[in-house]
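Summary of the model geometry
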Amino acid sequence: MRMRNPKYKDEVINNCNFLITDEISFPKDQPLHIEIGMGKGNFILNMALNNPHINYIGIEKYSSVASIAIKKMMDYNLPNLRIIISDIANLSELLKNKVDVIYLNFSDPWPKKRHAKRRLTSKEFLELYDILFKDKCTIIQKTDNDDLFTFSVDSLKEHGYTIEEISYDLHNTDIDNIMTEYEEKFSNMGIKIKYLKATK
Ligand code: SAH
């Protein structure tokens, strides 16, 4: 999400004691779930609040939008929540063999065929995630976008994943759900939310 820098951006980022810059450390050694492209951070913040037995990292490549998430999170000071400001493509060393679950919420659809490699469920990214996962791989995706969703299902299957859960209208199921900012926006527009959980 590209946007103008908020006035408080530098101050918030410089004073953030849960921003990861070199090594990953949490007070408790417990499963690690990450969201790639957390945007304004509602999802990962509420997941961390609701699930203290899981460690969370919200990853976002743009510092402008990440600073909005950080500002919100500063009021909570959660021991199980950390942020990384980076493109996921640069994190293969830092996150190698550490991750249990990857959340992809409302990822950029990159509709043009020549940009297919940039989709966060392309073969190229799934190969990167193979490096990040500890043992079992679990990817949970939500999107408003039919084409991205179809692409993801095919790509995940080709890469050896099993689609364990799938819904074309998440809000009409009893699957536990924390809404993201984009999800609020799209569902208010009447768009149905697509959801899948894939493992291998
Ligand atoms: N998950 C949020 C934001 C969705 S928009 C929500 O549902 O509301 C997608 C976000 O992913 C944008 O903020 C974009 O900057 C970020 N993003 C896209 N590609 C990324 C990458 N390779 N690494 C890290 N963040 C990425």
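The paragraphs below set out a description of the structure included in this document. (Residues numbered from 1 in each chain as written. Predicted model: local features only at pLDDT ≥ 70, side-chain atom pairs only at ≥ 80, totals over all residues. Heavy atoms only, no water.)

This part covers the overall build of the protein. Secondary structure assignment for the protein yields six helices and seven strands. When its helices and strands are written in sequence order, the protein yields α-β-α-β-α-β-β-α-β-α-β-α-β. Its C-alpha atoms give the protein a radius of gyration of 16 Å, within 12% of the compact-globule value 16 Å for 200 residues. Across its three principal directions, the C-alpha atoms of the protein cover 40 × 40 × 35 Å. Per-residue burial for the protein yields a buried fraction of 50% across its 200 residues. A sequence separation of at least 24 residues applies to 78% of the contacts in the protein between residues at least 6 apart. Summed over its atoms, the accessible surface of the protein is roughly 10600 Å², and 46% of this surface lies on carbon and sulfur atoms. (Helix = DSSP H or I, 4+ residues; strand = E, 2+ residues; numbered from the N terminus. Rg over C-alpha atoms; globule rule 2.2 N^0.38 Å. Buried < 20%, exposed > 50% of the residue type's maximum accessible area, 1.4 Å probe, protein only. Contact = heavy atoms within 4.5 Å. Areas by Shrake-Rupley, 256 points an atom, 1.4 Å probe, with all protein chains shown as cover.)

Spanning 13 residues, helix 5 (residues 146-158) covers 18 Å between terminal C-alpha atoms, matching the ideal 18 Å at 1.5 Å per step. Those residues of helix 5 not exposed but buried are Leu148, Phe149, Ser152, Val153, Ser155 and Leu156. Where helix 5 is buried, its residues meet helix 4 (123-132), strand 5 (133-143), strand 6 (162-167) and strand 7 (194-199). Backbone nitrogen of Asp147 and a side-chain oxygen of the N-cap are separated by 3.1 Å at the start of helix 5; the cap is Asn145. (Expected span 1.5 Å × (residues − 1). Polar contact = N/O pair within 3.5 Å; in protein donor to acceptor, adjacent residues only side chain to side chain.)

This next bit is on the pattern of salt bridges. Evaluation of the coordinates by the stated rule reveals six salt bridges. The salt bridge partner of Lys200 is Asp130, with a shortest N-O separation of 3.1 Å. Note that Lys200 is positioned in the segment after strand 7 and Asp130 in helix 4, a separation of 70 residues in sequence. Take Lys200: its relative accessible area is 34%, and that puts it in the partly exposed class. (Salt bridge = Lys/Arg side-chain N within 4 Å of Asp/Glu carboxyl O.)

A word on the sheet that holds strand 7. Reading across from one edge, 3-2-1-4-5-7-6 is the order of the seven strands in this open sheet, with mixed pairing throughout. Edge positions in the sheet fall to strand 3 (81-85) and strand 6, since each has one partner strand and no second. Shown here is a sheet whose adjacent strand axes are inclined to one another by a mean of 20°, direction ignored. Sheet strands in contact with helix 5 are strand 5, strand 6 and strand 7, and its direction is about 10° off that of strand 7. (Pairing = 2+ DSSP bridges. Axes fitted to C-alpha atoms, helices over the stretch in contact; angles between N-to-C directions.)

So, to be careful, I would describe these as geometric facts and stop short of saying anything about function.
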